[in-house]
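Listed here are the chains, written in short residue letters.
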Amino acid sequence: MEKLIPSFSIDHTRIVPGIFESRVDTLGNETATTFDIRMKLPNQEPAVAPAAMHTLEHLVATYLRNHEYWKDQLLYWGPMGCLTGFYMIVKGRPKASELLPILLDAFRYVSAYQGDVPGATPQNCGNYLMHDLPMARWEAARYVEYLTHADPAKIFTYPKAEALTLDDGAVFFDS
Ligand SMILES: [Zn+2]
């Protein structure tokens, strides 16, 4: 069994928040690209709290699924298990930098959101009481602030893991 799958072969000690292509899949004639929408420095600052992450998931998904262009491009939006960001899978192979405007719009939407969280009902959600809109707004505003002022040379390209070996602390599955 392959223990070090591709997404774990990136050196997580050197990741900064940003928007990164993490894999490209071909299905017949079609291409799907997975992006890591990283919000937090892995292992160096608190991850997003589960309830805030859940609310961010609902609200960003709602925004993207209603967007005139991106609703047809988006295949998947969902949280990383480590709670430091989201996976965004889209059709084709856009550049990471091309996702910046729509993500800024989506996170700005969350940062100003008021009212009921869409889909937070027992009919539509598997854990509808686990939401935290105030913290989701705070996290969204913080991410917008970060993306707006970050160095474009760092937020779209993952650091190369050329020297990475299992001895360097790479994450791998237990069999
Ligand atoms: Zn839910």
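Small disclaimer: the values here were computed from a predicted structure and weren't measured. (Residues numbered from 1 in each chain as written. Predicted model: local features only at pLDDT ≥ 70, side-chain atom pairs only at ≥ 80, totals over all residues. Heavy atoms only, no water.)

S.K.: Mind showing me how you'd approach the sheet that holds strand β1 (residues 18-27) here?
M.R.: Pairing in this open sheet of 4 strands is antiparallel, and the strands run β1-β2-β4-β3 from one edge to the other. Where the open sheet ends on each side, the last strands, each with one partner, are β1 and β3 (74-79). The mean angle between the axes of side-by-side strands here comes to 15°, regardless of whether they run parallel or antiparallel. Across the sheet, helix α1 (residues 50-65) lies against β3 and β4 (85-91), angled at about 165° from β3, the strand it touches most. (Pairing = 2+ DSSP bridges. Helix = DSSP H or I, 4+ residues; strand = E, 2+ residues; numbered from the N terminus. Axes fitted to C-alpha atoms, helices over the stretch in contact; angles between N-to-C directions. Contact = heavy atoms within 4.5 Å.)

S.K.: For this particular structure, what's the right way to read the coordination of the zinc ion?
M.R.: Each pair of donors in an ideal octahedron of six around a metal sits at 90 or 180 degrees, and each pair in an ideal tetrahedron of four sits at 109.5 degrees. Only His54 (NE2), His58 (NE2) and Cys125 (SG) from the protein reach the zinc ion as donors, at distances of 2.1 to 2.3 Å. Of note, the donors binding the zinc ion are all from one chain and are spaced H-x3-H-x66-C. Of the two residues, His54 sits in helix α1 while Cys125 sits in the loop between α3 (100-111) and α4 (133-149), which places them 71 residues apart along the sequence. Look at Cys125 and you get buried, because its relative accessible area is 12%. (Donors = N, O, S within 2.8 Å, 3.2 Å for Na, K, Ca; no water. Buried < 20%, exposed > 50% of the residue type's maximum accessible area, 1.4 Å probe, protein only.)

S.K.: How should the environment of Val48 be read in this particular structure?
M.R.: Relative to the helices and strands, Val48 resides in the loop between β2 (30-38) and α1. Residues Val48 and Ala136, spaced 88 residues apart in sequence, show a C-alpha to C-alpha distance of 8.7 Å.

S.K.: Please explain the nonpolar core as it appears in this structure.
M.R.: Nonpolar side chains in soluble globular proteins tend to be buried together. Counting 38 residues, the largest nonpolar core has Ile19, Ile37, Leu56, Trp77, Met88, Leu103 and Phe107 as the members making the most contacts within it. Mapped onto this core, the elements with two or more residues apiece are β2, α1, β3, β4, α3 and α4. (Core = buried A, V, L, I, M, F, W, Y, C linked by side-chain atoms within 4.5 Å.)

S.K.: Just checking my understanding: could you explain the packing of aromatic side chains for this structure?
M.R.: The geometry of two aromatic rings is summed up by the distance between their centres and the angle between their planes. Across all of its chains, the model carries 7 aromatic pairs by this definition. Between Tyr63 and Tyr109, the ring centres sit 5.0 Å apart and the planes meet at 40°, which makes this aromatic pair tilted. One end of the pair, Tyr63, is in helix α1; the other, Tyr109, is in helix α3, and 46 residues separate them in sequence. With relative accessibility at 28%, the residue Tyr109 sits in the partly exposed group. Considering the side-chain rings of Tyr69 and Trp70, the 5.1 Å spacing of their centres and the 85° angle between planes classify their relative orientation as edge-to-face. (Phe/Tyr/Trp six-rings, centres within 6.5 Å; stacked < 30°, edge-to-face > 60°.)

S.K.: In this structure, what is going on with the side chain of Thr34? I would like to understand it.
M.R.: Relative to the assigned elements, Thr34 resides in strand β2. Of the residues examined, Thr34 reaches a relative accessible area of 9% and is grouped as buried. With residues up to four places along the chain from it excluded, the contact list for Thr34 reads Phe20, Glu21, Ser22, Arg23, Asp25, Tyr87, Met88 and Ile89.

S.K.: Teacher, can you tell me more about the pattern of salt bridges here?
M.R.: Pairing of side chains with opposite charge becomes possible as their charged atoms draw close. Counting across every chain of the model gives 6 salt bridges. Of the charged contacts in the structure, one is a salt bridge between Asp36 and Arg38, with a shortest N-O distance of 3.7 Å. Overall, the relative accessible area of 5% leaves Asp36 in the buried class. (Salt bridge = Lys/Arg side-chain N within 4 Å of Asp/Glu carboxyl O.)

S.K.: I tried to follow α1 on my own but got confused; where do I start?
M.R.: Every α-helix winds through 3.6 residues per turn, so residues three or four apart in the chain are directed the same way. In this model α1 runs 22 Å from its N-terminal to its C-terminal C-alpha over 16 residues, within 8% of the 22 Å that 1.5 Å per residue would give. Along α1, the residues that are buried comprise Ala51, Ala52, Met53, His54, Thr55, Leu56, His58, Leu59, Val60, Ala61 and Leu64. On its buried face, α1 is in contact with α2 (70-73), β3, β4, α3 and α4. (Expected span 1.5 Å × (residues − 1).)

S.K.: When you look at the pairing of β4 in this model, what are you seeing that I'm missing?
M.R.: Look at any regular strand and the pattern is simple: side chains alternate between the two faces of the sheet. Bridge count for β2 against β4 is 7 bridges, and the pairing is antiparallel. Note that in β4 the partner of Ala32 across the bridge is Lys91. With 5 bridges joining them, β3 and β4 adopt antiparallel strand pairing. The partner of Tyr76 across the bridge, within β4, is Ile89.

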